Number of protein chains: 2
Amino acid sequence: MITKFTFNSQYILSELPLPDREFLENIMVDKKYRKNQPIFTEGTLPSGIFYLQSGKVKKYKMDNDGREQIIYIYNAGEFFGYSSVLSESTYGDTTVSIENSIISFITINDFNKILENSSSFSRLLLKSLSHEFSVLANLMAVLSQRTVRERVALNLLILHDKYKVDNVDITYIMLSRSDLANMTGTVIETLARVLHDFKDDSLISTDGRKIELLNIERLIQIANFY
Amino acid sequence: MITKFTFNSQYILSELPLPDREFLENIMVDKKYRKNQPIFTEGTLPSGIFYLQSGKVKKYKMDNDGREQIIYIYNAGEFFGYSSVLSESTYGDTTVSIENSIISFITINDFNKILENSSSFSRLLLKSLSHEFSVLANLMAVLSQRTVRERVALNLLILHDKYKVDNVDITYIMLSRSDLANMTGTVIETLARVLHDFKDDSLISTDGRKIELLNIERLIQIANFY
DNA sequence: TCTAAAATTTGATTTAAATCAAATTTTACC
DNA sequence: GGTAAAATTTGATTTAAATCAAATTTTAGA
């Protein structure tokens with residue numbers, strides 16, 4: 001179920017033949033980003049693509065009134081910012097780090113070089129973009145047809161998956177209420193009320209801003225996805 | 001503005017080198033579809049991809065309660081159903097013809113053959129998928145943040161573009177109110193009210209089910225895209 | 001550690017849009 | 001052309017969620 005809503009494009013690197021992978025890793029230039037730093041902004045032209053080594057990045061659109069709609073949150077191991085390069089257009093949205101991150105940059109030239117020389121990379125990108133396309137279609141239908149309560153439950157599950165750490169028992173979702181509301185498609189106050197209800201029902205617990213899911217099965221039911 | 005909301009992937013064929021194009025056209029198998037016929041349904045596995053020679057096809061998701069969210073309406077000259085092939089997954093949605101259509105089918109084998117042999121085709125698909133991805137991101141933000149009135153205006157403009165015929169003066173949008181509501185993300189009654197308001201303000205006129213836009217500039221303003 | 005600012009929560013009210021119901025028009029098929 | 005069914009429109013009511021306002025908690029930086 002959760003794969004319907006996450007790109008999880010880490011397989012691009014892991015399934016790439018070793019010489020191609022080494023080429024990629026050699027041309028990447030790492031840069032550290034502090035929390036809340038923009039990586040690229042809507043309307044600007046791309047000069048390369050990005051790979052998230054560690055940390056988290058949100059992709060969002062800002063409307064005329066300054067409201068954010070978070071489209072997606074990238075996790076370590078995911079490429080981003082490549083579709084504007086491929087469609088030869090300006091960025092359609094803005095990306096900002098939501099925690100300290102290390103992000104690698106690959107110039108357009110190098111990107112095109114590997115595209116021309118590696119049919120595996122092309123094929124993996126086609127696969128990944130196709131999956132990403134279907135994730136957005138799923139999110140579209142959710143935004144249109146599901147209640148806020150259902151959407152909050154779903155987004156908590158998505159975030160649980162994104163914040164999960166291997167070999168660590170407890171998962172804490174560490175995201176501002178503002179960002180959580182903006183990815184759910186609601187306002188902060190409504191989000192807080194739903195979270196309050198979930199706490200009352202022992203579905204989640206909070207410690208400051210951190211959220212821990214206590215009853216995943218029940219949240220899946222509420223999200224109405226099974 | 002309208003290109004933010006339409007795939008318009010007709011360039012895949014027109015920009016394909018001639019030998020590749022001829023290969024494609026030779027392997028396509030045409031089939032006629034009557035209005036309201038399904039082409040593929042959500043959850044099934046793909047056996048090939050489709051090309052819309054003439055007519056129109058809607059792509060939609062059905063939720064647990066039987067409500068439709070139309071994701072996109074394909075126009076003649078557009079490929080569809082290829083992202084499930086590329087991502088090696090079941091179809092994430094259903095496609096149905098919304099008028100009599102002629103649709104060509106290309107088997108997975110032939111599709112993979114041309115992918116392997118034509119880097120131009122791969123590159124054009126990457127370009128198209130990237131643009132389609134950005135269209136869905138735009139639609140997502142619209143569904144989340146815009147009023148129904150704004151969304152109706154926007155969808156009328158999108159449909160005006162889709163129903164436009166070269167060398168013909170008047171464009172009639174010929175789509176059921178149910179489908180129009182389902183692509184706008186609202187219910188039939190609300191849609192009818194907004195259309196009624198637009199008619200009162202001489203922004204549109206109707207003849208039976210057909211809708212003609214009378215004041216495109218004003219609708220663009222109402223849609224809040226400029 | 002302290003504190004101002006930002007974030008979050010809680011309460012009350014309003015609003016956009018959905019739902020329910022009925023009337024009217026259009027369509028599809030014979 | 002006729003007609004039953006489906007689609008569309010119109011009216012009334014309800015509801016989910018936004019907005020407004022104030023209280024409380026957390027955060028970031030000195």
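Treat the numbers as computed from the prediction; the structure is a model and nothing was measured.

Rules behind the numbers
Residues numbered from 1 in each chain as written. Chains lettered and ligands numbered in written order. Predicted model: local features only at pLDDT ≥ 70, side-chain atom pairs only at ≥ 80, totals over all residues. Heavy atoms only, no water. Domains from an automatic or database assignment. Contact = heavy atoms within 4.5 Å. Buried area = accessible area lost by both parts, 1.4 Å probe. Salt bridge = Lys/Arg side-chain N within 4 Å of Asp/Glu carboxyl O. UniProt positions renumbered as here; feature names shortened; annotations may be inferred. Helix = DSSP H or I, 4+ residues; strand = E, 2+ residues; numbered from the N terminus. Near = heavy atom within 4 Å. Polar contact = N/O pair within 3.5 Å; in protein donor to acceptor, adjacent residues only side chain to side chain. Nonpolar A, V, L, I, M, F, W, Y, C, P; charged D, E, K, R; others polar. Phe/Tyr/Trp six-rings, centres within 6.5 Å; stacked < 30°, edge-to-face > 60°. Buried < 20%, exposed > 50% of the residue type's maximum accessible area, 1.4 Å probe, protein only. Lys NZ or Arg CZ within 6 Å of the ring centre and 35° of its normal.

Trainee: I would appreciate a short explanation of the domain arrangement of chain A in the present structure.
Mentor: Reports of interface size often rely on the accessible area that becomes lost once the parts have come together. Residues and elements named next belong to chain A. Looking at chain A, the domain boundaries give domain 1 (2–142) and domain 2 (147–223). A C-alpha centroid distance of 25 Å is found between domain 1 and domain 2. On the domain 2 side, the residues contacting the 16 residues of domain 1 number 14 residues. Interface of domain 1 and domain 2: buried area, both sides summed, is about 1400 Å²; carbon and sulfur atoms make up 59% of it. With a shortest N-O distance of 2.8 Å, Lys58 and Asp179 are connected by a salt bridge.

Trainee: When you look at the interface of chain A and chain B in this model, what are you seeing that I'm missing?
Mentor: Tallying the contact residues gives 40 residues for chain A and 40 residues for chain B. Of the roughly 3900 Å² buried between chain A and chain B on both sides combined, carbon and sulfur atoms contribute 59%. Sorting the residues of chain A by area buried against chain B places Phe133, Met140 and Gln145 of chain A first, and these three jointly supply 21% of that buried surface. On inspection of chain A and its partner chain B, the count reaches two salt bridges.

Trainee: I would appreciate a short explanation of the UniProt feature "domain: Cyclic nucleotide-binding" (unreviewed entry) in chain A in the present structure.
Mentor: The UniProt record marks residues 12–132 of chain A with the feature "domain: Cyclic nucleotide-binding" (unreviewed entry), using the residue numbering of this structure. Within residues 12–132 of chain A, the helical portion is 34% and the strand portion 34%, while the C-alpha atoms at the span's ends are 13 Å from each other.

Trainee: Would you explain the protein's contact with DNA strand C in this entry?
Mentor: Not every one of the 18 residues close to DNA strand C is listed here, only the nearest: Arg193 and His196 of chain A together with Val148, Thr186 and Thr190 of chain B. For DNA strand C, the fraction of protein-proximal atoms (within 4 Å) that sit in sugar or phosphate groups is 62%. His196 of chain A is positioned such that a nitrogen or oxygen atom in its side chain is 2.6 Å from a phosphate oxygen of DNA strand C. Contacts to DNA strand C include Arg193 of chain B, whose side-chain N or O atom sits 3.5 Å from a base oxygen. Contributing elements (two or more residues each) for the surface near DNA strand C: α7 (177–184) and α8 (188–200) of chain A together with α8 (188–200) of chain B. For the surface near DNA strand C, the element with the most residues is α8 of chain A, which contributes five residues. Its residues placed into classes, the surface near DNA strand C shows four nonpolar, seven polar and seven charged.

Trainee: Would you mind showing me how to read the packing of aromatic side chains here?
Mentor: The way to describe two aromatic rings as a pair is by their centre distance and the angle between their planes. Counted under the stated rule, the structure contains 26 aromatic pairs over all chains. Ring plane angle 20° and centroid distance 5.5 Å describe the contact between Phe50 of chain A and Phe80 of chain A, whose orientation is recorded as stacked. Residue Phe50 of chain A is found in strand β3 (residues 48–54), and its partner Phe80 of chain A is found in strand β6 (residues 79–80); the two are separated by 30 residues along the sequence. The pair Phe50 of chain A / Phe80 of chain A is uniform in exposure class, with both members buried. A connected cluster of aromatic rings, assembled from ring pairs, spans Phe7, Phe40, Phe50, Tyr72, Tyr74, Phe80, Tyr91 and Phe105 of chain A together with Phe133 of chain B. Directly above the ring of Tyr11 of chain A sits Lys127 of chain A, whose terminal nitrogen or CZ lies 5.1 Å from the centroid.

Trainee: When you look at the protein's contact with DNA strand D in this model, what are you seeing that I'm missing?
Mentor: Close contacts around DNA strand D come from 18 residues, with Val148, Thr186 and Thr190 of chain A together with Arg193 and His196 of chain B the closest. Within 4 Å of the protein, the atoms of DNA strand D are drawn from sugar and phosphate moieties in a proportion of 60%. At a separation of 2.6 Å, a base oxygen of DNA strand D approaches a polar side-chain atom of Arg193 of chain B. Between His196 of chain B and DNA strand D, the recorded distance is 2.6 Å, taken from a side-chain N or O atom to a phosphate oxygen. By residue number, the principal contributor to the surface near DNA strand D is α8 of chain B, which donates five residues. In terms of residue class, the surface near DNA strand D is made up of four nonpolar, seven polar and seven charged.

Trainee: Sorry, what's going on with the pattern of salt bridges here?
Mentor: All names here are of chain A. Under the counting rule described, the total for this entry stands at 18 salt bridges over all chains. In this structure, the salt-bridge partner of Lys61 is Glu42, at a minimum N-O distance of 3.5 Å. Of this pair, Lys61 sits in strand β4 (residues 57–62) while Glu42 is found in the loop between β2 (38–40) and β3, placing the two residues 19 residues apart along the sequence. Residue classification places Lys61 among the buried positions, given a relative accessible area of 9%. Classification of Glu42 by relative accessible area gives partly exposed; the value is 31%.

Trainee: Would you take a moment to explain the UniProt feature "domain: HTH crp-type" (unreviewed entry) in chain A for this structure?
Mentor: As annotated by UniProt and renumbered to match this structure, "domain: HTH crp-type" (unreviewed entry) occupies residues 146–217 of chain A. Annotated as 54% helix and 11% strand, the span residues 146–217 of chain A places its first and last C-alpha atoms 18 Å apart.

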